[in-house]
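Structural characterization, general
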Amino acid sequence: MIIVGAGAHGLSLAYHLTREGFNDIKIIEMKRIGFGSSSRNASRFRYHFFSKENITYAKKAIPYLIQHVKELRLNSLLYFTGYLWILRDEEQISIQKKLDSMWKAEGIGGEFRDCSEFEFLKSEGLCYYAPQDGAFHHDYVIYSYYLEIKDKARLIIDEVEKINFKGGKVAGIKLVKGGELNDDVVVMTAGAWSGRLMTNSGINVPIFPEKKEIFITEDVSFRVRPLVIDTSNKVYFSQTLKGEIIGGTETPRPYGFLPFTNSFQELSRFLRAIRETVKGIEGIGILRGWSGYYEMTPDSSHIMGYDNEWPEGLYIDAGYSGHGMMFAPYSGKLMAELILNGKVPPEMRPYLPTRFKEKKLIAESLVI
């Protein structure tokens, strides 16, 4: 088997395969372990999605994550922080009431609370708090997987040019530097690059990169436990256990592989928003920042499995649209089950790539 991409999903798949005794694995990575979105995120987990499909998936994936990280070698520092939405106008309150009704029906409801109950907030008015959500350290999950599989799977640092097919079946891959590798199974887990690599191989999968920026401040006394979501200012933020305020901006951008850089405009937007929202940090400065890609799909939901019209032996697990890290452990488990047993797990069915031509899109239309 060839796995394309050594991020969280590729490594999770390899980890779950090796646990079942399958060790004939080659992992192709163009730069380094976790080079893409797996190491360029804020490492949060949540149940509170905007579609029933993703809520149902999260209700399986998050408990698995919480239990699973206890089995890994490195401590991922998982803890419950909650998510906190600041509701600044009647339209946002109306939307949140509809979401609250759906979430309560799914058993994951939160509560409307006066923002003044959160002592760190300058904001007045109504907030919505969901205590079930939380944070963890992504790198410790990624490297735990690598430590488990490094002597069982072969890691190749090279770039995939295309997937080779012969007689309606997978034949292997063509590498940019290392010639060709022959195999009858290829699994695409290359995150934001997955759509381009599939297109280069003659397979149309709608996955597009969208650049996002994250910033982290100098440390202050701990006060911001939940992840705060401020839709009006298009920012989100929380605080690390070291006291740094970490978060990002949600400025819409055209899809594309834009450079991994940070802009002064986004830095200023983030810094202004947190200074206006959090008490006692008026003079705080930015310590560092980074950027990465959301791997977006037309319905902001991931793509798993295969299409019967594809060459036999071709699979995909990508397109997570900003929630890939939290789902990686469970998705790797499901993909391993599919490949080893040949049966599509029920949890995977809404996410098959066939949904786009069948016009069965997931209604994950609201975004932070």
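This text gives an overview of the structure that appears in the document. What you are looking at is a predicted structure, and each value in this text was computed from that prediction instead of being measured.

Thoughts on the environment of I27
- Looking at where I27 falls in the secondary structure, it is placed in strand β2 (residues 26-29).
- With relative accessibility at 1%, the residue I27 sits in the buried group.
- Not counting residues within four places of it along the chain, the set of residues in contact with I27 comprises I3, G5, A6, L11, A14, I149, A153, R154, L155 and I156.

As for the packing of helix α1 (residues 8-19) against helix α4 (residues 138-149)
- Close contact between α1 and α4 brings their axes to 9 Å; oriented N to C, the two are set at 40 degrees. Here α4 runs oblique to α1, going by the angle between their axes. You can see that α1 and α4 cross each other, and the crossing is left-handed. Across the interface between the two elements, A8, L11, S12, A14, Y15, H16 and T18 of α1 pack against I142, Y145, E148 and I149 of α4.
- For the contact of α1 with α4, a count of residues per class yields seven nonpolar, three polar and one charged.

Notes on the pattern of salt bridges
- As enumerated under the stated definition, the model contains 23 salt bridges in all.
- When the shortest N-O distance is used, the salt bridge between D183 and K26 registers 3.0 Å. In this pair, D183 sits in the loop between β12 (180-182) and β13 (186-188) while K26 sits in strand β2, placing the two residues 157 residues apart along the sequence.
- The salt bridge partner of D230 is R88, with a shortest N-O separation of 2.7 Å. Of the two residues, D230 sits in strand β15 (residues 227-230) while R88 sits in the loop between β5 (83-87) and α3 (90-105), which places them 142 residues apart along the sequence.
- We classify D230 as buried; its relative accessible area is 0%.
- Residue classification places R88 among the partly exposed positions, given a relative accessible area of 38%.
- Connected via shared salt-bridge partners are E111, R113 and E117.

Things to note about the state of the cysteines
- Counting across every chain of the model gives one disulfide.
- Across a sulfur-sulfur distance of 2.1 Å, C115 and C127 are joined as a disulfide pair. Across the S-S bond linking C115 and C127, the dihedral sits near 105 degrees, which makes this disulfide right-handed. Placement of C115 in the loop between β6 (111-114) and β7 (126-130) and of C127 in strand β7 is noted, with a sequence separation of twelve residues between them.

Topic: the side chain of D100
- Tracing the sequence through the fold places D100 in helix α3.
- The class for D100 is buried, based on a relative accessible area of 10%.
- In contact with D100, not counting residues within four places along its chain, are G110, F112 and Y128.

Section: helix α6 (residues 264-277)
- Over its 14 residues, α6 extends 20 Å from the first C-alpha to the last, a length consistent with the 20 Å expected when each residue adds 1.5 Å.
- Along α6, the positions that sit buried rather than exposed are E266, F270, L271, A273, I274 and T277. The buried side chains of α6 occupy one side of the element, clustering within an arc of 165 degrees when seen end-on. Summarising the geometry of α6, the exposed residues directed more than 90 degrees from the buried face are F264 and Q265.
- In the core, the buried residues of α6 are packed alongside β5, β14 (208-219), β15, β16 (235-239), β17 (244-249) and β18 (286-296).

Some remarks on the sheet that holds β12
- Strand order in the open sheet formed by three strands is β10-β11-β12, and the pairing between neighbours is antiparallel. Where the open sheet ends on each side, the last strands, each with one partner, are β10 (160-166) and β12. Across the sheet, the axes of successive neighbouring strands diverge by a mean angle of 25 degrees, strand direction being ignored.
- Relative to β12, strand β11 (residues 169-175) is paired through three bridges, and the arrangement is antiparallel. The partner of K174 across the bridge, within β12, is E180.

Quick notes on the packing of aromatic side chains
- A full pass over the atoms with the stated rule returns 26 aromatic pairs.
- Considering the side-chain rings of F118 and F120, the 6.5 Å spacing of their centres and the 65 degrees angle between planes classify their relative orientation as edge-to-face.
- Looking at F118, the relative accessible area reads 9%, which means it is buried.
- According to the relative accessible area criterion, F120 is buried, its value standing at 7%.
- Feature note: the residues F49, Y57, Y64, Y320, F327, Y330 and Y351 constitute an aromatic cluster, connected by ring pairs.
- The residue whose ring lies beneath R46 is F49, and the NZ or CZ to ring-centre distance is 4.0 Å.
- The aromatic ring of F257 is capped on one face by R196, whose charged end is 4.5 Å from the ring centroid.

Some details on the sheet that holds strand β8 (residues 134-135)
- Spatial ordering of the open sheet is given by β3-β8-β4, a layout of three strands whose pairing is antiparallel. Every interior strand has two partners, whereas the edge strands, β3 (44-45) and β4 (79-80), have only one.
- Here β3 pairs with β8 via two bridges, running antiparallel. Residue pairing across strands places F45 opposite G134, the latter belonging to β8.

As for α4
- Taking 1.5 Å of rise per residue, twelve residues should cover 16 Å, and α4 covers 17 Å from first to last C-alpha, within 8% of that figure.
- Among all positions in α4, only H138, V141, I142, S144, Y145 and I149 are buried. Taken end-on, α4 shows its buried residues confined to a sector of 160 degrees, consistent with a single buried face.

Conventions used here
For every chain, the first residue of the written sequence is number 1, and numbering continues from 1 along that sequence. It should be noted that, the model being predicted, local features are given only for residues of pLDDT at least 70 and side-chain atom pairs only at 80 or more, the latter also being counted only at that level, while totals for whole chains, interfaces and linings use all residues. Think of the side-chain values as coming from all heavy atoms in the structure, minus any hydrogens and water. Counting from the N terminus, the helices are the DSSP runs of H or I reaching at least four residues and the strands are the DSSP runs of E reaching at least two. Any residue under 20% of the maximum accessible area for its type is buried, any over 50% is exposed, and the rest in between are partly exposed; the area is computed with a 1.4 Å probe on protein chains only. The contact rule is simple, with two residues in contact once any of their heavy atoms fall within 4.5 Å. All axes here are fitted lines through C-alpha atoms, helices being fitted over the stretch that makes contact, and every angle between N-to-C directions spans 0 to 180 degrees. Reported orientations rely on four angle classes, namely roughly parallel under 35 degrees, roughly antiparallel over 145, roughly perpendicular from 65 to 115, and oblique for the rest. Note on convention: the crossing is left-handed when the near helix lies turned anticlockwise from the far helix by less than a right angle, right-handed when the turn is clockwise. Classification convention: Asp, Glu, Lys, Arg as charged; Ala, Val, Leu, Ile, Met, Phe, Trp, Tyr, Cys, Pro as nonpolar; all other residues, Gly among them, as polar. Salt bridge, as used here: a side-chain nitrogen of Lys or Arg that lies within 4 Å of a carboxyl oxygen of Asp or Glu. Only a pair of cysteine sulfur atoms within 2.5 Å counts as a disulfide in this structure description. A helix is expected to span 1.5 Å multiplied by its residue count minus one. To be clear, the arc concerns the directions from the helix axis to the C-beta atoms. Two strands pair if DSSP finds at least two bridges between them. What counts as a ring pair is set by centres within 6.5 Å for rings of Phe, Tyr and Trp (its six-membered ring), and what kind of pair is set by the plane angle: stacked under 30 degrees, edge-to-face over 60, tilted for all other angles. Two limits define a charge over a ring: the Lys NZ or Arg CZ must be within 6 Å of the ring centre, and within 35 degrees of the ring normal.

So far we have only geometry, and geometry alone does not tell us how the molecule works.
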